[in-house]
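Architecture at a glance
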Amino acid sequence: MVVTGVMEPGQAATVDGAAAGRGISTTTLLAELDRFLGLATSSTSDKRSHGARRDGMGDGEELATAETALFLLRNLPPARPAALAYLAHTLSKQVSSHMRGHSGGEGCRKPDSVEEGVAGQVEGLLGEVLEGAPGVWGPLVGQWAVEQLGRWSVEWANTVVGRGDATLEEVVAGWLSCGPARALAGLTVQCVAHDPDTAVAALLDASATNGPALDWLVAHVGCSFPATVIGRVLALGLRGFAACHGRPPEHQLASVNKILSHLADRHLPDIRRSLHAILLRTFEGASDAEAQASVPFLLCLAVTSRSRTVLAALTSGLDTLLIPNDRLAALANQVNWWVPRYFANHGQLQEMVVHLVLDTGGSAAPSILRLLLQGAAPAPKLPLAVAMAVNNILQGVVGEICMVTYMRRNSGSSRIHIPFLVGLRGGGLDGSDVGVAVGGKAVSPIAGLVEETLSVPSSPAVMAHLKQLVTLVVVQQGPATAATILGHLLHCHTKENTSGHHQILAAVITAVTVHQAPHRTGDSPLAWALAGALQPQTDSSIILTALTTLDTLLNQSQNERLHIYPTLTHALLISVPILAELINDPVLGTAAVTILSQLPLKKPIPVGHVLSLSHAIIFYFFSSLHETSVIKKVSGVGRCQLVLSQLSRSSLGLNLIIRLLVEGAFRPECAYLFGAEKQAHLNFKEVQGEMLIKANRQFNSWVKVPQSHTSIFHMGIIGSGRASQTNQSVTLSPDTIKLHTQLLLNTLSVCCAAQPNGEGASTVALLLVELVSPDIMFNGFPWPEEYIKFTFERDLAIKKTFEEFPVAWSLIELVAMHRAALSYCSVLVRALAAALTAFWNTCPFSSAQQVPDALQATQRLLEVMVTAQFLPGPLRVMPQMVEALAPFELVCILQDVWVFMRDHTPSPDRWLELPSGFYQRAPDPPMALGYTERIQRIIQSNVDSIGHLMSFMVNSK
């Protein structure tokens, strides 16, 4: 070796594998070598204690010796082993000092400056030469650094943290706090960066030699080179597993798990790719022992793993990885090779899989369940044995969960944390809620799997397993999860498997009812869940699906007398205010009313429900009349009648419903439906500044007293925008108007029939007086002496109202059918009689038929009075006479009617209620000759047309 020049100890120089790149004198090299040998020999020969020579050698002398060793290491290749050995010895003493100081307190520790000085110089020099000649220095430095770290890790395994149960993260932090260990760990990372194959091989060999004590170094290096280290660690573990036929030392799997756990937080995708790569080798045709042992190795690794993150990395995405049936079939073909080589029997393998499934949480749980459900369904490429095995696994999972759930429940213990159920709920690995947000609400993965499974034909066994798992999730995870699952199931579309959908819904409802405590006082868990599923803020199409599903389920449970029918109806009854609000939505109205029409509205109905539901149903009633289809009109009104008839059982509900119906028939938005004239208008108290439909939705917040000025009819909006008061421009056919009127009368009759004492008809009569004749003067029962003396102007206004609103005639005819009720609106009858008398008294025509409108009004008025028994005995023939009379003759009979009514006041107490529910005027008033004399003469004068009525008058006497 030729050496020229002079270089001081520690001076930088460029070195290759044989000699110094820069000349150094032989004298200098020999002097440094002699000095190093003297100091190193005297330092290492004293075996009495680690501190004997150390106490005699000062810190400066020790640092100088280390610098001399570094100088020789760099400039004299033959001295490298000795220099490395001395540096290892020096660094070991510093590690020992650090560990003793760590365990004995700060007073026993050597100053960090000494440790950092030597260790820093070692790291700096070796790092520099590694950069200059990695091929020469890499293997040497890497091997040396790993050997020293392995020896220290074994020697100080119980001291670095101070306890034996420390986590790998704590061990890594403890070693990196030691300067020499941190320096050699940094050198190891540099070696891996320059020569991954050689450095990682040395690292794993050292890890195998030193056991779990060196796992911290593998984990630390893995943070810098995750893909390389993870792949090599798994390959080493798989090799050992295959060589030991599935029975490797426990510490080997434990080391692999600890390293993966340490890297999982930041490098989970790399772990997942490496694990899946091992699994994919099974399907690529590889037949070596390691490929055949891949699945058993992964199973054992997952079962022995204490890290939820590593387990999630292994199990997430398995559904997409194994969904092709040929891959499942390939796994099935290897089972007989695994048993008994890696598993004692098939039962042990199945038990291991079941426990692995139960321990799988987070987003991996839905993936596992999806894979199991698809494997349990028979498929063309899938052997029947595979489907049977997967069904057994599912049955085992359900059985284990049932045992834990119900045993804990019966013993009174708190709910146990089952990761698989938490993952199906939508919770994270730690049990937190991390469900995917859709429309501002959490979505449960299990409900999504149900929807996915129901979208295709499924076997009964699959549906049974799915139903059991959904029920267990509801039982285990609390009312919030139950509400989320139920809402999702109600919102999902199931055209392929409707029966299965209803079975699962019934199971969820049963679980919510039986196993969940009330969420609020006086409320039921199911009602609370339904309220969440039917929130008006949700998209209308989603709520419509939920309402349709509820309607079908309600029908099915009632027809088949299922046990959930009482529970479901009770929950829907509690949710009446929500359903009432949904009626105002044009898209949801029909579905909501259809459900309400099937509910048995129990008596007494809460006042708030009566108020909100009455307004909503009346809104839907008039909306149905706006439909163009006759079938939709009739069916919509029929549904309204089913609900209104039950609401009318209470006095409050009856009065409110009648008021809303009668007022609605006179409002501009709807009056034209019943034949009102275009310019007809009654004065109503309007709500300014907001749409009527919005005001209608707030009607359950305050009470309106019937027959008072606090009552306002809120019809709502048909279509978009506020309805114009001039929308009567639409011309309806007489048949359509007649149909609307008849539907209104039928609805009123149904409501009135709910009260046996005629209260409904009396309410209609009083409302007619309030709407048609708001003037309260002279509204009593008696008829005045002169019929046009005080009320001539008001009588003409009432007559004009009946002309503009033909529905008023229909309503007063409905009242007349209840007889006594007509007495409450006798002021209207009196006003019409007076106005018609005055009209005929000034009529210029010779025949009443020349004025058909007035003639029809006169005839209808007399028929109303006859129907109500205002005109008994011989006077009942007058409606049949009017068509054949002259105007002056009509004046005569109307005057006779007035006189009779003046003498016989139509008070309600003049009528008696019969057992049949009808009213009868008893006794009939005496019929004096003066009341019928002119009538008989008029009949005689028109004997050719009405002579046949004379016999009736004679017989009536």
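Residues numbered from 1 in each chain as written. Predicted model: local features only at pLDDT ≥ 70, side-chain atom pairs only at ≥ 80, totals over all residues. Heavy atoms only, no water.

Describing the overall build of the chain
Along the backbone of the chain there are 44 helices and four strands. In the chain, of all internal contacts separated by at least 6 residues, the share reaching a separation of at least 24 is 73%. A total of about 41,000 Å² of accessible surface is found on the chain, and carbon and sulfur atoms cover 56% of it. (Helix = DSSP H or I, 4+ residues; strand = E, 2+ residues; numbered from the N terminus. Contact = heavy atoms within 4.5 Å. Areas by Shrake-Rupley, 256 points an atom, 1.4 Å probe, with all protein chains shown as cover.)

With respect to helix H7 (residues 168–176)
Of all the positions in H7, only Leu 168, Val 171, Val 172, Gly 174 and Trp 175 are classed as buried. Seen end-on, H7 carries its buried residues on one side only, within an arc spanning 160°. (Buried < 20%, exposed > 50% of the residue type's maximum accessible area, 1.4 Å probe, protein only. Arc of directions from axis to C-beta.)

Structural notes on the nonpolar core
By size, the foremost hydrophobic cluster in this structure holds 287 residues, and its most contacted members are Phe 666 and Trp 840. Among the elements that line this core, the one with the most residues is helix H23 (residues 460–491), at 15 residues. (Core = buried A, V, L, I, M, F, W, Y, C linked by side-chain atoms within 4.5 Å.)

What about the side chain of Thr 858?
The topology assignment puts Thr 858 in helix H40 (residues 852–867). Leaving out residues up to four positions away in the same chain, Thr 858 has contacts with Leu 836, Trp 840, Val 882 and Leu 894.

Re unusual backbone geometry
In this structure, Arg 819 is a non-glycine residue whose phi angle is positive, near 55°. Among the secondary structure elements, Arg 819 is positioned in the loop between helix H38 (807–816) and helix H39 (826–841). The exposure class of Arg 819 is partly exposed, given its relative accessible area of 22%. Non-glycine residue Gln 869 carries a positive phi angle of around 65°. Of note, Gln 869 is situated in the loop between H40 and helix H41 (887–903).

Some details on the packing of aromatic side chains
A complete count under the given rule lists 11 aromatic pairs for this structure. Taking the centre distance of 5.7 Å and the plane angle of 45° together, the rings of Phe 870 and Trp 911 count as tilted. With a gap of 41 residues between them, Phe 870 in the loop between H40 and H41 and Trp 911 in strand E3 (residues 911–913) connect regions that are remote in the sequence. Exposure remark for Phe 870: the relative accessible area of 0% places this residue in the buried category. Here the guanidinium or amino end of Arg 341 rests over the ring plane of Trp 337, the centre of that ring lying 4.3 Å away. Above the face of the Phe 839 ring, Lys 799 is positioned so that its terminal group lies 5.5 Å from the ring centre. (Phe/Tyr/Trp six-rings, centres within 6.5 Å; stacked < 30°, edge-to-face > 60°. Lys NZ or Arg CZ within 6 Å of the ring centre and 35° of its normal.)

Some words on the state of the cysteines
Enumeration over the complete set of coordinates arrives at zero disulfides. Cys 640 takes part in no disulfide bond, and the closest cysteine sulfur to it belongs to Cys 751, at a distance of 9.8 Å. (Disulfide = S-S within 2.5 Å.)

Focus on the packing of helix H29 (residues 589–598) against helix H31 (residues 630–647)
Two elements in contact, H29 and H31, have axes separated by 9 Å at closest approach and are oriented at 45°. Comparing the axis directions of H29 and H31 gives the class oblique. Considering how the two elements wind past one another, H29 and H31 form a crossing that is left-handed. Residues Thr 590, Val 593, Thr 594, Leu 596 and Ser 597 of H29 form the contact with H31, whose participating residues are Arg 639, Cys 640, Leu 642 and Val 643. Residue composition of the contact of H29 with H31, grouped by class: five nonpolar, three polar and one charged. (Axes fitted to C-alpha atoms, helices over the stretch in contact; angles between N-to-C directions. Parallel < 35°, antiparallel > 145°, perpendicular 65-115°, else oblique. Left-handed = near helix turned anticlockwise from the far one by under 90°. Nonpolar A, V, L, I, M, F, W, Y, C, P; charged D, E, K, R; others polar.)

Digging into the environment of Thr 741
Note on placement: Thr 741 falls in helix H35 (residues 734–753). Judged by relative accessible area, Thr 741 falls into the buried class, the value being 11%. For Thr 741 and Ala 665, which are 76 residues apart along the polypeptide, the C-alpha to C-alpha distance reads 9.1 Å. Those residues in contact with Thr 741 that sit more than four places away from it in its chain are Phe 674 and Ser 810.

Structural notes on the pattern of salt bridges
In a structure, side chains of opposite charge can pair up when their charged atoms sit close to one another. Using the criterion set out here, one finds 12 salt bridges in the structure. Ionic pairing is found between Arg 659 and Glu 663, a salt bridge with its closest N-O pair at 2.8 Å. With Arg 659 and Glu 663 both in helix H32 (residues 651–666) and four residues apart, this pair spans about one turn of that helix. Accessibility classification places Arg 659 together with Glu 663 in one group, the buried group. A salt bridge links Arg 902 to Asp 903, with the nearest nitrogen and oxygen atoms 3.2 Å apart. Judged by relative accessible area, which is 26%, Arg 902 ranks as partly exposed. (Salt bridge = Lys/Arg side-chain N within 4 Å of Asp/Glu carboxyl O.)

Re the packing of helix H26 (residues 540–559) against H29
The relative placement of two packed helices is expressed as an angle between their axes plus a distance between the axes. One way to put it is that H26 packs onto H29 with a least axis distance of 9 Å and a crossing angle of 25°. In terms of orientation, H26 and H29 fall into the roughly parallel class. Considering how the two elements wind past one another, H26 and H29 form a crossing that is left-handed. In this structure, H26 uses Leu 544, Leu 547, Leu 550, Asp 551, Leu 554, Asn 555 and Gln 558 to contact H29, whose residues at the interface are Ala 591, Ala 592, Thr 594, Ile 595 and Gln 598. Residue composition of the contact of H26 with H29, grouped by class: seven nonpolar, four polar and one charged.

A short note on the environment of Leu 767
With respect to the secondary-structure elements, Leu 767 resides in helix H36 (residues 759–772). Placed 58 residues apart in sequence, Leu 767 and Cys 825 show a C-alpha to C-alpha distance of 8.8 Å. Excluding anything up to four places from it in sequence, Leu 767 contacts Ile 658, Arg 659 and Val 662.

Structural notes on helix H9 (residues 196–210)
With 15 residues, H9 extends 20 Å between its outermost C-alpha atoms, agreeing within 8% with the 21 Å of an ideal straight helix rising 1.5 Å per residue. Buried within H9 are the following residues: Ala 199, Val 200, Ala 202, Leu 203, Leu 204, Ala 206 and Ser 207. A positive backbone phi angle near 75° is found at Gly 211, which sits one or two residues after H9. (Expected span 1.5 Å × (residues − 1).)

What to know about the side chain of Gln 869
Owing to a relative accessible area of 13%, Gln 869 belongs among the buried residues under this scheme. Gln 869 has contacts with Arg 819, Trp 911, Tyr 919, Gln 920 and Arg 921, leaving out every residue within four places of it along the chain.

As for the confidence of the model for the chain
Per-residue pLDDT for the chain averages 77, and the proportion of residues at 70 or more is 77%. Segment residues 686–693 is flagged for pLDDT under 50; beyond a separation of four residues in sequence, or across chains, it makes 20 contacts in the model. Scored below 50 in pLDDT, residues 697–728 makes 74 contacts in the model with residues more than four places away or belonging to other chains. (pLDDT = per-residue confidence, 0-100.)

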